[in-house]
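# A closer look at the structure
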Amino acid sequence: MAIQGSSPAELLDRAESAVKDFKFIELRLDSLPKPANAFSYLKQFLGEHKEVTAIATCRRKAHGGGFDGPLAAELEILTKAAQAGCQIIDLEVESAEEAKSAQLSKLRTAGAALLISFHDFSRTKGLEQAADRIEVFKPDFVKVVSTARTLADNLAVLRLIEDRSLASHIVGIAMGEEGLVSRVLGPRAGAAFTFASYSEGTETAPGQVRAEALRDVYRLDHLDQATRVFGVAGNPISHSLSPLLHNAAFRREIVNAILIPLKTKSVQDLLTLALELPLAGCAITMPLKTEILPHLANMDPLTSRIGACNTLRMGADGKLYGFNTDVAGIVRPLERRLRLRGARVVVLGAGGAARAAVFGLVDQGAEVLIVNRTHEHAVTLARHAKAKSLKHELLAKQHFDVMINATPCGMAGTKQALPIAENELNASLVFDMVYNPLETPLLKLAKSRGIPVISGMEMFVQQGARQFEIWTGKPAPESEMMRVVEHELRKRT
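Residues numbered from 1 in each chain as written. Predicted model: local features only at pLDDT ≥ 70, side-chain atom pairs only at ≥ 80, totals over all residues. Heavy atoms only, no water.

## Comments concerning the layout of surface pockets
The space that makes up the largest pocket amounts to roughly 1,300 Å³. Lining the largest pocket are 44 residues; nearest its centre among them are Thr285, Met286, Lys289, Met411 and Tyr435. Those elements giving two or more residues to the lining of the largest pocket turn out to be β10 (281-284), α14 (352-363), α17 (456-472) and α18 (478-492). Its residues assigned to classes, the lining of the largest pocket comprises 23 nonpolar, 17 polar and 4 charged. Contributing to the lining of the second largest pocket are 36 residues, with Glu200, Arg210, Ala213, Tyr218 and Ser238 lying nearest its centre. Mapped by element, the contributors of at least two residues to the lining of the second largest pocket are α9 (211-217), α10 (242-252), β9 (257-263) and α18. When residues of the lining of the second largest pocket are assigned to their parent elements, the largest contribution, 6 residues, is made by α18. (1 Å grid on protein atoms, 1.4 Å probe; cavity = no way out; pocket = protein on both sides within 12 Å on 5 of 7 lines; lining within 4 Å. Points joined across faces, edges and corners; volume = space filled by probe spheres on them. Helix = DSSP H or I, 4+ residues; strand = E, 2+ residues; numbered from the N terminus. Nonpolar A, V, L, I, M, F, W, Y, C, P; charged D, E, K, R; others polar.)

## Some thoughts on the pairing of β10
Of the two faces of β10, the one lined by Gly281 and Ala283 and the one lined by Cys282 and Ile284 are each fully buried. Across 4 bridges, the pairing between strand β8 (residues 228-234) and β10 is parallel. Looking at β10, one finds that Phe230 is bridged to Gly281. Where β10 and strand β12 (residues 311-314) come together, 3 bridges link them in antiparallel fashion. For Ala283, the partnering residue across the bridge sits in β12 and is Thr311. (Buried < 20%, exposed > 50% of the residue type's maximum accessible area, 1.4 Å probe, protein only. Pairing = 2+ DSSP bridges.)

Here's what the structure looks like:
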């Protein structure tokens with residue numbers, strides 16, 4: 001766990017808090033205005049916590065750190081940190097190359113293991129050459145850090161770890177949100193360790209994950225070569241609840257698997273990672289749901305008809321097979337409450353979410369009417385799905401068994417709260433696909449009138465449950481999936 005602070009007291013307070021759960025910490029001395037003021041605190045802290053392993057880092061500003069002193073001052077701080085009890089000291093390769101051999105010898109005799117690190121803050125390139133530069137000094141640990149611009153950049157980092165892990169203690173990381181794969185899977189590939197943050201907002205590098213998330217969501221300690229790797233791909237992806245949902249399900253059902261968020265705008269980038277890592281399967285979000293279609297070896301009939309795929313499974317033949325579970329997310333909750341054949345359903349919206357609802361419900365024999373702000377889009381979708389379109393001004397005069405909101409109205413951060421006027425709420429059941437917030441303005445309005453509701457959270461969990469079944473062949477632990485998602489959504493409100 002990487003820890004920084006604006007004062008020695010804050011740095012060591014955070015360390016004190018951290019070591020209740022995590023016994024391996026990095027103390028970023030270069031985050032302090034005067035690192036030398038920390039040594040008395042440091043010595044006392046490490047004296048009281050013999051079980052803790054501490055890395056001391058004091059990286060200079062020229063090499064991406066916060067310390068603005070010269071090389072001699074950096075070496076002096078690292079030497080004193082070792083003497084205070086830090087078991088590992090991190091020296092950037094530029095400083096090692098600048099230092100005289102006598103200075104490095106003195107540092108080595110301070111009693112700590114030497115880690116020499118390389119950082120590229122702009123790209124992932126020349127990793128082997130960077131490792132070779134470090135190996136010249138024969139350190140105890142080799143640390144190569146790059147910046148991921150694509151998912152494929154993770155592959156270069158993981159290859160470096162695999163190639164070097166037998167000969168040396170190596171750490172490899174790609175910074176940035178795209179580099180999350182390297183942070184989670186590095187130790188599985190043979191890295192000596194990986195880095196995590198103390199808390200949200202205290203990251204010491206771009207893309208760093210909270211230590212609790214690495215332990216509890218990604219179950220870092222349980223990953224091995226047999227672990228199947230899944231992903232959720234799209235952009236943006238950082239707030240996706242899919243990793244929480246699926247990793248909880250894998251844990252509950254004792255499935256040796258993990259799901260990682262994959263930030264990408266490019267189908268080709270995703271395909272490279274999927275085939276070379278390889279991925280066992282993937283959940284697909286915007287903007288990739290339609291772009292993935294030409295790359296599938298086969299797809300289920302719904303995916304073909306809707307023209308959108310949200311779930312990939314890698315076949316034993318190394319080919320990708322596509323499914324659409326959004327439909328299951330809509331149909332399953334409704335089937336539990338009413339008979340869909342002959343039911344009169346109005347769908348608000350004509351975008352991607354609406355397409356899944358309309359096609360899925362027509363398949364079940366429902367009479368589906370589409371209302372959309374741009375009526376022409378409703379007409380087009382109705383024609384493709386063998387449904388009907390309805391002009392918005394006629395909505396208030398009708399009554400429906402079900403009203404489904406497939407627009408973003410009411411979503412956290414959107415301006416428009418309701419997709420309809422209050423007098424247009426004329427259904428026996430209201431289903432809102434929006435799941436953040438848990439209780440949308442539309443659901444609140446329906447409840448105030450005593451109308452039963454289905455939340456977007458139930459849809460999200462049901463589409464995820466169907467994904468779990470496709471990937472594992474096992475029944476999904478729906479109640480556990482619902483529990484973790486609801487808990488997280490309540491935390492976010």
